[in-house]
Amino acid sequence: MTKDSGSQPTARKHTALPKAQILIEALPWLTRHRGKTVVIKFGGNAMIDEELKAAFAQDVVFLHHAGLRPVVVHGGGPQISKALDRHGIVSEFKAGLRVTTEDAMDVVRMVLAGQVQRELVGLLNQHGPLAVGLTGEDAHTITATKHTPRIEGELVDIGRVGEITEIDTGAIEALLADGRIPVVSSIARSQDDGHVYNVNADTAAAALAAALDAETLMVLTDVEGLYEDWPNSDEVISRLTAAELEKLLPELASGMVPKMEGCLHAVRNGVETARVIDGRVQHSILLEIFTDEGIGTMVVPDAEAEGEA
C-alpha cells in the first residue's frame, strides 16, 4: 500500500496561505521603514484597557524586531485624574490643558514616572530586555518655560504647564543605538526657574519626532481619525496637507487641537508623515504601517503634495 504523500502537505499549504499573503503585503512597507525612527504617542483608551495595552506593547516590539526604531511618548490623563481625586485635588482644564498647581504637579510627576511609565516598560520588557524609561527631565531631554495660554483675549495662569523650548535627543539616540526602546514621560525640566513642568504629551511627541528627524509621528486617540464634518458626518479624512490642516484647526474640538497642532508641527519640521489613529482598535499601529489600506488620518508636508501634482 502506497502512501499519498501529496494530499496532506497540500492541505497544510492552503491553510497557511492567508498568513503568507499577509506577510507578503507587509514586505514593501518593511523595506521602506527599516532603520527609520517612529515616534508613537501612547494615550486614550489604549492606556486603560488591558487587552489594548498588551496589543500596543506587541506592536511596538514588532516594529523593533522589524528593524524600525520606535520611541514611545506617553501622558496619563485618566490615571492622573484618579490620583488627583484620591488626593482631594480638583481636576480642571483650560484651553484643553490641565491646570497644574504645585500640589497637582507632585501627583502628575508621581503618576507619569512612577506608575504609567513603569507599567508600559514592564509590558514591553515581557518580550525581552528592550524598554528603558526616562522623563523629559533626564539628560535635559525636554526643556520648557511656563505656558500661559490666551483665552478669550486674556492670558490665563494654568500653573505648572510648560511650553517646550528645547529638545536634547542625546539620551534617546544612545538608547536607540544600543537597540533599546525609549519610553518617555511628558515631564520637562525648567529653563529658568528650577521647577519641573507638565507638558502636553501630544506636543512632546511632536517635538521629539522633529528633533529626532523621525520618519513618522503616530498619535493614538479615542476616535477613528479627523472627521470631515463632525458631528454631521462620521466620514474620516484619510489624508490632508499641512496647509489644509492649518485651515481646519480653528474649527476643531479642544481635545483634538493639541494632537493636530502636534501633527502640523511635525510635518513642518522634517517629519515625513504624521498620523492620528484609533487606539481602540487592536494592533492599529501595525495596520497603519504595514498594510495597503491603513487607518486613521495622515498629514503630509505641503511640498510632498506639490511634488505629486
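Up top is the structure these notes are about.
A brief report on the enclosed structure follows. (Residues numbered from 1 in each chain as written. Predicted model: local features only at pLDDT ≥ 70, side-chain atom pairs only at ≥ 80, totals over all residues. Heavy atoms only, no water.)

Description of the sheet that holds strand β16 (residues 297–300)
Which entries qualify depends on this criterion: Pairing between two strands is assigned when DSSP locates at least 2 bridges connecting them. Comment: elements are numbered from the N terminus, with helices defined as DSSP H or I runs of at least four residues and strands as E runs of at least two. Only the contacting stretch of a helix is used when fitting its axis, a line to C-alpha atoms as for every element, and angles between N-to-C directions run 0 to 180 degrees. Any two residues whose heavy atoms approach within 4.5 Å at even a single point are treated as in contact.
The strand order across the open sheet built from eight strands is β5-β10-β2-β1-β13-β15-β16-β14, with neighbouring strands paired in mixed fashion. Unpaired on one side and paired on the other, β5 (131–135) and β14 (239–241) mark the two borders of the sheet. The sheet shows a mean angle of 20° between the axes of neighbouring strands, taken without regard to direction. Lying on the sheet, helix α4 (residues 102–125) is in contact with β1 (37–42), β2 (69–74), β5 and β10 (181–185); it crosses β5 at an angle near 165°. The sheet contacts of helix α6 (residues 201–211) involve β1, β2, β10 and β13 (216–221), and relative to β1 the element is tilted by about 175°.

Comments concerning the nonpolar core
As a reminder of what qualifies: We define a nonpolar core as any set of buried Ala, Val, Leu, Ile, Met, Phe, Trp, Tyr and Cys residues linked to one another through side-chain atoms lying within 4.5 Å. Burial classes: relative accessible area under 20% of the type maximum marks a residue as buried, over 50% as exposed, and values in between as partly exposed (1.4 Å probe, protein chains only).
I40, F56, L124 and I285 are the most contacted members of the largest nonpolar core, which has 43 residues in total. Listed by contribution, the elements that provide at least two residues to this core are β1, α2 (50–65), α3 (77–86), α4, β10, β13 and α9 (284–290). Considering every element that reaches this core, the biggest residue donor is α4, with eleven residues. Membership of the second largest hydrophobic core comes to 39 residues, among which are L134, L176, A214 and A266.

Structural notes on empty space enclosed by the protein
The probe, sized like a water molecule, is rolled over the atoms to show the empty space still left. Spelled out, the test is: Here the term cavity refers to a set of points on a 1 Å grid, laid over the protein atoms alone, in which a 1.4 Å probe fits but cannot get out; the term pocket refers to an open set having protein on both sides within 12 Å along at least five of seven lines, with lining residues being those that place an atom within 4 Å of a point. Grid points are joined across faces, edges and corners, and a volume is the space filled by probe spheres set on the points. When residues are grouped by polarity, Ala, Val, Leu, Ile, Met, Phe, Trp, Tyr, Cys and Pro land in nonpolar, Asp, Glu, Lys and Arg in charged, and all others, Gly among them, in polar.
Applying the stated criterion across every chain yields a total of two cavities of 30 Å³ or more. Empty space within the largest cavity amounts to approximately 50 Å³. A46, L52, A55, F56, D59, L220, G279, V281, Q282, H283, S284 and I285 are the residues that line the largest cavity. Among the secondary structure elements, those contributing two or more residues to the lining of the largest cavity are α2 and α9. Here the lining of the largest cavity gets four residues from one element, more than from any other, and that element is α2. Looking at the lining of the largest cavity residue by residue, the class counts come to seven nonpolar, four polar and one charged.

Regarding the side chain of S284
Put simply, the test is: The term polar contact refers here to a pair of N or O atoms within 3.5 Å; inside protein, the definition further demands a hydrogen-donor-capable atom paired with an acceptor-capable atom, and it admits residues adjacent in sequence only when both atoms are side-chain atoms.
Its location among the elements puts S284 in helix α9. A distance of 3.3 Å separates a polar atom in the side chain of S284 from the backbone oxygen of D278. Residues contacting S284, with those up to four places away along its chain left out, are D59, I277, D278, G279 and I295.

Looking at the packing of α3 against α4
A pair of packed helices is captured by two measures, namely the crossing angle of their axes and the spacing between those axes. Note the cut-off: Our angle categories are set so that under 35 degrees counts as roughly parallel, over 145 as roughly antiparallel, 65 to 115 as roughly perpendicular, and the remainder as oblique. Crossing handedness follows the turn of the near helix against the far one: under a right angle anticlockwise gives a left-handed crossing, and clockwise gives a right-handed one.
Where α3 contacts α4, the two axes come as close as 9 Å, and the packing angle between them is 130°. Regarding the angle of α3 to α4, the classification is oblique. Note on packing geometry: the crossing formed by α3 with α4 is right-handed. On α4, the residues touching Q79, I80, A83 and L84 of α3 are A104, V107, V108, V111, L112, Q115 and V116. Across the contact of α3 with α4, the residue classes tally to nine nonpolar, two polar and no charged.

Side note on the packing of aromatic side chains
Basically, it comes down to this: The aromatic pairing rule takes the rings of Phe, Tyr and Trp, using the six-membered ring of Trp, and pairs them if the centres are within 6.5 Å, calling planes under 30 degrees apart stacked, those over 60 edge-to-face and the rest tilted.
In the structure shown here, the tally under the stated rule is one aromatic pair. The interplanar angle of 25° and the centroid separation of 4.1 Å between the aromatic rings of F42 and F56 together place this pair among those described as stacked. Residue F42 is located in strand β1, and its partner F56 is located in helix α2; the two are separated by 14 residues in the primary sequence. According to the relative accessible area criterion, F42 is buried, its value standing at 3%. F56 gets classed as buried once you look at its relative accessible area, which sits at 3%.

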